[in-house]
Amino acid sequence: MEEKQMIATYLQMLNSSLIRKVEILEELLELTEEQNLAFTNENSTFEVIEQCVEKKEPLIRQINEMDNGFDSVYSKIKDAVYKDKELYRSELQQLQESIVKVTELSVKIQTLEQNNKLKFEVFSNNKRQEIKQFKVSNKTVSTYYKNMTGKPQGESYFYDKKK
């Protein structure tokens, strides 16, 4: 009986882990949506987008650590759970519900990330064009001022030497 109680405790731990993972995924989804908005805003800069990425990194690390912990705990108890599925029915049902939530959120995030990837390519191309245009304009203005500062005003650039 002690082993069955231990397995039930492990199943509760797994469910708690999945509930926490849902919370993290919801936060990650919010940040991904914020990032999506940044791509559509014409006034956004690379810094704004970089801040979103920096906020997402620790959440992704947490999810990876949680997945590793989940896998190690589940591998310890899976054989015993399969033997007595009926005994752990309620815990397994809770796990299944949590897994459905995790899967739904993961799919939403992946879809939004694919969309963000395309928007980032467009965003970066637009910024490159702006930089290129700025450089061309700057060079044109610089050349103009160089030409104008060396020439006296009012005199023709070309004059007739026959006089």
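So, a few notes on the structure that sits alongside this text. (Residues numbered from 1 in each chain as written. Predicted model: local features only at pLDDT ≥ 70, side-chain atom pairs only at ≥ 80, totals over all residues. Heavy atoms only, no water.)

1. A closer look at the overall build of the protein chain
No. 1: Helix and strand counts for the protein chain come out as three helices and zero strands.
No. 2: Each helix (α) and strand (β) of the protein chain, taken in turn from the N terminus, gives the series α-α-α.
No. 3: Expressed as a percentage of its 163 residues, the buried residues of the protein chain come to 26%.
No. 4: In the protein chain, the share of contacts with a sequence separation of at least 24, taken over all contacts with a separation of at least 6, comes to 85%.
No. 5: Here the protein chain displays about 12600 Å² of accessible surface, and carbon together with sulfur accounts for 53% of that area. (Helix = DSSP H or I, 4+ residues; strand = E, 2+ residues; numbered from the N terminus. Buried < 20%, exposed > 50% of the residue type's maximum accessible area, 1.4 Å probe, protein only. Contact = heavy atoms within 4.5 Å. Areas by Shrake-Rupley, 256 points an atom, 1.4 Å probe, with all protein chains shown as cover.)

2. So, the packing of helix 1 (residues 2-40) against helix 2 (residues 46-83)
No. 1: Closest axis-to-axis distance for the helix 1/helix 2 pair is 9 Å, and the angle between their directions is 160 degrees. Here helix 2 runs roughly antiparallel to helix 1, going by the angle between their axes. Crossing hand, helix 1 versus helix 2: left-handed. (Axes fitted to C-alpha atoms, helices over the stretch in contact; angles between N-to-C directions. Parallel < 35°, antiparallel > 145°, perpendicular 65-115°, else oblique. Left-handed = near helix turned anticlockwise from the far one by under 90°.)

3. What about the side chain of Thr32?
No. 1: Among the secondary structure elements, Thr32 is positioned in helix 1.
No. 2: Among residues more than four places away in sequence, those in contact with Thr32 are Lys56, Ile109, Leu112, Glu113 and Asn116.

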